Amino acid sequence: MTVLRRTLPAALAIATSLFVLAALFITNPLLDAIGTYFIDTAVIIAAFALFLGLFNVLRVHARKIRERQPGSLYSFVLIGAMLVVLVIGLPPIAGKPSGPSHPLIQWIFHNIQAPIQAALSALIVFFVITAACRLLRVRNAESALMLIVALLVLAGQVTIGLVPVLPAIREWILDVPAMAGVRGILLGVALGILLTSIRLVLGTERPYSD
Amino acid sequence: MKEIGLVVLLLLLPILFFLSSRARAGKAGRLRSLPALEKLPGLVGRSAETGQPLHLSVGVGGLGGATTAETWAGLTLLGQLADEAAACDTPLIVTVADATVLPVAQDIVRRAYLRHGNPDGYESTQVRLIAPDPVAYAAGVMGLLERQPFTASVMVGSFGDEYLLMGETGARRGVRQVVGATDPRTLPLVYASADETLIGEEIFAGGAYTRKLPIQIGSLLTEDWARWVVIAAILVVAVFKILL
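Quantities reported herein were computed from a predicted structural model and do not represent experimental measurements. (Residues numbered from 1 in each chain as written. Chains lettered and ligands numbered in written order. Predicted model: local features only at pLDDT ≥ 70, side-chain atom pairs only at ≥ 80, totals over all residues. Heavy atoms only, no water.)

This next bit is on the pairing of strand E1 (residues 54-59) of chain B. Residue and element names in this part refer to chain B. With respect to burial, E1 is a largely interior element, six of its six residues being buried. The sheet contact formed by E1 and strand E2 (residues 92-96) spans four bridges and is parallel. The partner of Leu 56 across the bridge, within E2, is Val 94. Crossover handedness for the path E1 to helix H4 (residues 68-88) to E2: right-handed. (Buried < 20%, exposed > 50% of the residue type's maximum accessible area, 1.4 Å probe, protein only. Helix = DSSP H or I, 4+ residues; strand = E, 2+ residues; numbered from the N terminus. Pairing = 2+ DSSP bridges. Right-handed = clockwise from strand over helix to strand, strands pointing away.)

See the structure below:
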């Protein structure tokens, strides 16, 4: 039982990941074919996760409606919209576009979903302003430094040629310390990703077994 | 480029094994302080006291794509928080944006409750798929944070600009927020709205601080060693460029 629950899944996962990794580094037709097969299989299995997601959304929102939780009206709208889109898009029509290409689905995307998403994205601007106000309250030495740098960059942006040195300071801040910081973060992230991947390939972290 | 990748991988492997064995022998030394990770157990305790749930987001990424490692970092923290939440019988609500993360997150939470002898404490609706689109996901989490009182919100994973919709809502509602992200464009937004931050590669250190497994500590130390090697290489190249 322990072999089935612990050893077998771990052995399968390690062997599969080693094959895919080997296919990436070694040019061999057989290894390439095996690597591609495993990746394709993973894509197909991942597609089934969408069904689990669909049932999860239905369960969560059906429960909200059943228990009349706050915002259950939105859950009702969500389930209704989901069923409408499914009913329109699912049946295949001979010789006509169906699924996401169905004209009605296209209309829903262009006239309902896209404008709502655009409106939400536009909201981010106002949230940036409130976040900036919060950020500019001096809490500690880091906040104070950030405030000074932010003011210098802003002043360099809007100086309109009145103080010629400010745009040069702004350029220097963005090109030297800011760029160095970003590159440092990216290098650290790359190393973190690499070592996390090694741990996963070695099977030392296994979400699929106890 | 593939050859360079292979060389880096082959160089890192023995260092990882060496440092992991040192960690196993208790010779790893002290890990540098990361307040965000050190405060996580306190959040679960506070949640148990108030009876209000804890929210955890593993970002807008999925498993199997370019954001797998970031998502995995979030799932590692989920494992730890789910264990503590199951032990204290604290409600935990997990939101995900990608369907591939859903079964993994559900399994992590379910097994945490099983380990603590409370299988009935787990409900599959504790882990919720909100929406695959990042902005729609952020809007869904915004709604959740607006309507339900939370003690704290832990968000670790891959986030873009849309993070601010959730972060600002949490900050406005007085929810204690611990946030970790890797995208340099998102980090200022995180710094502005969160109480505790995990910047860049710090999100991958979660396992070493919370579970303290030798391989995770070894991995963190290998990362630090590799960083020093990169810094030294940059300095050497810079000096050569100046001199020649």
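What follows picks up the thread again.
Let us now look at the confidence of the model for chain B. In the predicted model, chain B carries a mean pLDDT of 90, and 100% of its residues have values of at least 70. In the model output, the complex is listed with pTM 0.89 alongside ipTM 0.89. (pLDDT = per-residue confidence, 0-100.)

Moving on, we get to the interface of chain A and chain B. On the side of chain B, 62 residues touch chain A, which itself brings 56 residues to the contact. Taking both partners together, chain A and chain B bury about 5,000 Å²; carbon and sulfur atoms supply 71% of that area. With a closest N to O distance of 2.4 Å, Glu 123 of chain B and Arg 63 of chain A form a salt bridge. In this assembly, chain A and chain B are joined by eight residue pairs in polar contact (both at pLDDT 80 or more). The dominant element in the side of chain A that touches chain B, judged by the number of residues it contributes, is helix H6 (residues 165-201) of chain A, at 15 residues. Considering only residue class, the side of chain A that touches chain B consists of 33 nonpolar, 13 polar and ten charged. (Contact = heavy atoms within 4.5 Å. Buried area = accessible area lost by both parts, 1.4 Å probe. Salt bridge = Lys/Arg side-chain N within 4 Å of Asp/Glu carboxyl O. Polar contact = N/O pair within 3.5 Å; in protein donor to acceptor, adjacent residues only side chain to side chain. Nonpolar A, V, L, I, M, F, W, Y, C, P; charged D, E, K, R; others polar.)

The subject of this paragraph is helix H7 (residues 163-172) of chain B. H7 of chain B sits mainly inside the fold: eight of its ten residues count as buried. When H7 of chain B is considered as a whole, its buried residues turn out to be Tyr 163, Leu 164, Leu 165, Met 166, Gly 167, Glu 168, Thr 169 and Gly 170 of chain B. Here the buried face of H7 of chain B lies against helix H4 (103-135) of chain A together with helix H6 (134-147), strand E4 (152-158), strand E5 (176-181) and helix H8 (187-193) of chain B. At the exit of H7 of chain B stands Gly 174 of chain B, carrying a positive phi of roughly 75°.

Okay, the pattern of salt bridges next. A side chain of one charge can pair with a side chain of the opposite charge if their charged atoms are brought near each other. Residue and element names in this part refer to chain B. Enumeration according to the criterion identifies 15 salt bridges over all chains in this entry. A salt bridge links Arg 176 to Asp 195, with the nearest nitrogen and oxygen atoms 3.9 Å apart. Of the two residues, Arg 176 sits in strand E5 while Asp 195 sits in the loop between H8 and strand E6 (196-199), which places them 19 residues apart along the sequence. In this structure Arg 176 comes out as partly exposed when scored by relative accessible area, which is 29%. What you see here is one network of salt bridges that share partners, running through Arg 32, Glu 201, Glu 223, Asp 224 and Arg 227.

All names here are of chain B. The strand order across the open sheet built from six strands is E3-E2-E1-E4-E5-E6, with neighbouring strands paired in parallel fashion. Looking at the sheet topology across the chains shown, the edges are occupied by strand E3 (127-129) and E6. Each adjacent strand pair in this sheet contributes to an overall mean axis angle of 15°, direction not counted. (Axes fitted to C-alpha atoms, helices over the stretch in contact; angles between N-to-C directions.)

A separate point is a nonpolar patch on the surface. Residue and element names in this part refer to chain B. Taken together, Val 236, Val 239, Phe 240, Leu 243 and Leu 244 make up a surface patch of nonpolar side chains, about 570 Å² in accessible area. Positionally, Leu 244 belongs in the segment after helix H10 (214-243). For Leu 244, a relative accessible area of 81% translates into the label exposed. (Patch = residues over 30% accessible without salt bridge, like charges linked within 9 Å, V, L, I, M, F, W, Y side chains within 5 Å. Areas by Shrake-Rupley, 256 points an atom, 1.4 Å probe, with all protein chains shown as cover.)

Residues and elements named next belong to chain B. With their axes 7 Å apart at the nearest point, helix H1 (residues 2-24) and H10 run at an angle of 130° to one another. In terms of their interaxial angle, H1 and H10 are classed as oblique. Between H1 and H10 lies a crossing whose hand is right-handed. Taken together, the residues of H10 that come into contact with H1 (itself represented by Leu 12, Ile 15, Leu 16, Leu 19, Ser 20, Ala 23 and Arg 24) are Pro 214, Ile 215, Ile 217, Gly 218, Ser 219, Leu 221, Thr 222, Trp 225 and Ala 226. Considered class by class, the residues forming the contact of H1 with H10 number eleven nonpolar, four polar and one charged. (Parallel < 35°, antiparallel > 145°, perpendicular 65-115°, else oblique. Left-handed = near helix turned anticlockwise from the far one by under 90°.)

This paragraph deals with the domain arrangement of chain A. Interfaces are often sized by the accessible area lost when the parts come together. Parsing chain A into structural domains produces domain 1 (1-90), domain 2 (94-135) and domain 3 (140-203). A C-alpha centroid distance of 37 Å is found between domain 1 of chain A and domain 3 of chain A. (Domains from an automatic or database assignment.)

Even without glycine at this site, Arg 68 of chain A takes up a positive phi of about 50°. With respect to the element layout, Arg 68 of chain A can be found in the loop between helix H2 (29-66) and helix H3 (72-89). Residue classification places Arg 68 of chain A among the exposed positions, given a relative accessible area of 72%. The phi torsion at Asp 89 of chain B lies on the positive side, around 55°, for a residue other than glycine. The residue Asp 89 of chain B is located in the loop between H4 and E2 in this model.

Here we take up the nonpolar core. If you look at the biggest cluster of nonpolar residues, it comprises 51 residues, and the most contacted ones within it are Leu 75, Leu 78 and Val 96 of chain B. Of all the elements, H4 of chain B adds the most residues to this core, at ten residues. Ignoring anything within four residues of it in the chain, the contact list for Leu 75 of chain B reads Val 58, Leu 63, Val 101, Val 104, Ala 105 and Ile 108 of chain B. Membership of the second largest hydrophobic core comes to 31 residues, among which are Phe 127 and Leu 135 of chain A together with Ala 181 and Ala 194 of chain B. (Core = buried A, V, L, I, M, F, W, Y, C linked by side-chain atoms within 4.5 Å.)

Another point: the packing of aromatic side chains. Across all of its chains, the model carries five aromatic pairs over all chains by this definition. An angle of 55° between the planes, with centres 6.1 Å apart, marks the rings of Phe 19 of chain A and Phe 38 of chain A as tilted. Of the two residues, Phe 19 of chain A is situated in helix H1 (residues 2-25) and Phe 38 of chain A in helix H2; the sequence distance between them amounts to 19 residues. Phe 38 of chain A gets classed as partly exposed once you look at its relative accessible area, which sits at 24%. For the pair Tyr 113 of chain B and Tyr 122 of chain B, a centre-to-centre distance of 6.4 Å together with 45° between the ring planes defines the contact as tilted. Of the two residues examined, Tyr 113 of chain B and Tyr 122 of chain B, each falls in the buried class. Taken together, the ring pairs connect Phe 19, Tyr 37 and Phe 38 of chain A into an aromatic cluster. (Phe/Tyr/Trp six-rings, centres within 6.5 Å; stacked < 30°, edge-to-face > 60°.)

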